[in-house]
Amino acid sequence: MKKIKISRNLNVNDSSIEFKYEGIIHFLEMNEDKMNDLIDDFINNHNHNNMLENITIIRTILKGCEEKLLYIYYCDINGSELVKYNDAHMVLYEKSKKEQYDKYYDRYKVKYELDHGIKIDYNNHEYDVDNCTNINLLAKEIMNITSQIYHLEKAKSVTLDDDSKELIEIYRLFYNEDLDFSSKDIHIKIQTMMSILGEFGIALGDDYTFNLCGSSKIPMSINLKQLVNKLYPFGKVDNVGTHIKLKEDVATIVNIVGECIRETIGNQVDLNDNLITISKIIHASRYNLLSNGDVGEISEFTNRTDEEVESSMKLVKRIEKKIKKR
């Protein structure tokens, strides 16, 4: 059993965050270096304007500790927000929001204290009590404030569900490496991996469908992106405590596809661009065009060369042959 105290501060441009934590480590095998690296990455490289997300991330990173004190204060040009917990129970919450057209004045100030309840001070000069629309907007805003307080009180660490564990195992087989949710290119690697595997019948479920994203036409699953964002505080995960046994045929296909992809791409510097190219060409030939064999049409649609299209199509055929021979 070991007591820990952590504090971090960051001021960047027009925003700042202050973080304090006190707790007790009950697990001797807890990796404190990894814990501190994840906290540093969260403070220095993550957005902080969602307080509920801030609390969830911190509690997930520190899930091996008994929380005694947690304090986070964030402010930017739109206002400020502060939350404090003692023994994992919220004892103080404060929020101020600036006027939309005048940043020198607060639109409202909210204060919640465990022993005194909620106090809301409104600068309500914009609201005409004779205007039903304005009153409804005010009521909605107050409801959102109280809802935020409720959810912050109930905020918990994230746990790995079956979809998460399956994604970790698929990634490990596909790339032959452990998954690092805090890696800067993790979204590209996971989105392209699952998009490519979809060609061979592998998916996490019906909730993770792919659609083309923006003018670049990259296949993207919004639900998959949200899942990966949620799992960010786990950082790099090994196979201990996260293992889930995939169906034998699924594991075999993922292994074959990953091996062929790695052999084709190798250790090239432009790994991500190659993954995007293969993903785009496979998705376009299967879902977006009338003919799945017209190289010129696929090339024009994906903004890739004929050579890249032909190479990707040959790769798919090679994978299909290996899968049939398994």
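Going by the structure above, here's the rest.
Analysis parameters
- Residues numbered from 1 in each chain as written.
- Predicted model: local features only at pLDDT ≥ 70, side-chain atom pairs only at ≥ 80, totals over all residues.
- Heavy atoms only, no water.
- Axes fitted to C-alpha atoms, helices over the stretch in contact; angles between N-to-C directions.
- Helix = DSSP H or I, 4+ residues; strand = E, 2+ residues; numbered from the N terminus.
- Parallel < 35°, antiparallel > 145°, perpendicular 65-115°, else oblique.
- Left-handed = near helix turned anticlockwise from the far one by under 90°.
- Contact = heavy atoms within 4.5 Å.
- Nonpolar A, V, L, I, M, F, W, Y, C, P; charged D, E, K, R; others polar.
- Pairing = 2+ DSSP bridges.
- Buried < 20%, exposed > 50% of the residue type's maximum accessible area, 1.4 Å probe, protein only.

Peer 1: So what's going on with the packing of helix 1 (residues 32–45) against helix 2 (residues 51–61)? Which residues, and what values?
Peer 2: To describe two helices that pack against each other, one gives the angle between their axes and the distance between the axes. In contact at an axis separation of 10 Å, helix 1 and helix 2 are set at 165° when each is read in the N-to-C sense. Regarding the angle of helix 1 to helix 2, the classification is roughly antiparallel. Seen along the crossing, helix 1 lies across helix 2 with a hand that is right-handed. From helix 1, Met35, Leu38, Ile39 and Phe42 reach across to helix 2, where they touch Asn54, Ile57, Ile58 and Ile61. In terms of residue class, the contact of helix 1 with helix 2 is built from seven nonpolar, one polar and no charged.

Peer 1: So what's going on with the sheet that holds strand 4 (residues 79–86)? Residues and values would help.
Peer 2: The strand order 1-2-3-4-5-6-7 describes an open sheet built from seven strands, whose pairing is antiparallel. Of all the strands in the sheet, just strand 1 (2–12) and strand 7 (117–122) have a single pairing partner and so form its edges. Across the sheet, the mean angle from the axis of one strand to that of its neighbour is 5°, orientation sign disregarded. Strand direction decides the pairing type here: strand 4 and strand 5 (residues 89–98), joined by eight bridges, are antiparallel. Bridge pairing links Leu82 to Glu94 in strand 5. Along the sheet, helix 1 makes contact with strand 1, strand 2 (15–25) and strand 3 (65–76), crossing strand 1 at roughly 25°. Seen against the sheet, helix 2 touches strand 2, strand 3 and strand 4 and runs at an angle of roughly 150° to strand 3.

Peer 1: A description of unusual backbone geometry should follow, citing residues and the corresponding values.
Peer 2: At Ala88, a residue that is not glycine, the phi angle is positive and equals roughly 70°. The topology assignment puts Ala88 in the loop between strand 4 and strand 5. The phi dihedral of Asn176 is positive, around 60°, even though this residue is not glycine. Following the sequence through the fold, Asn176 ends up in the loop between helix 4 (162–175) and helix 5 (186–198). What makes Asn176 exposed here is its relative accessible area of 60%.

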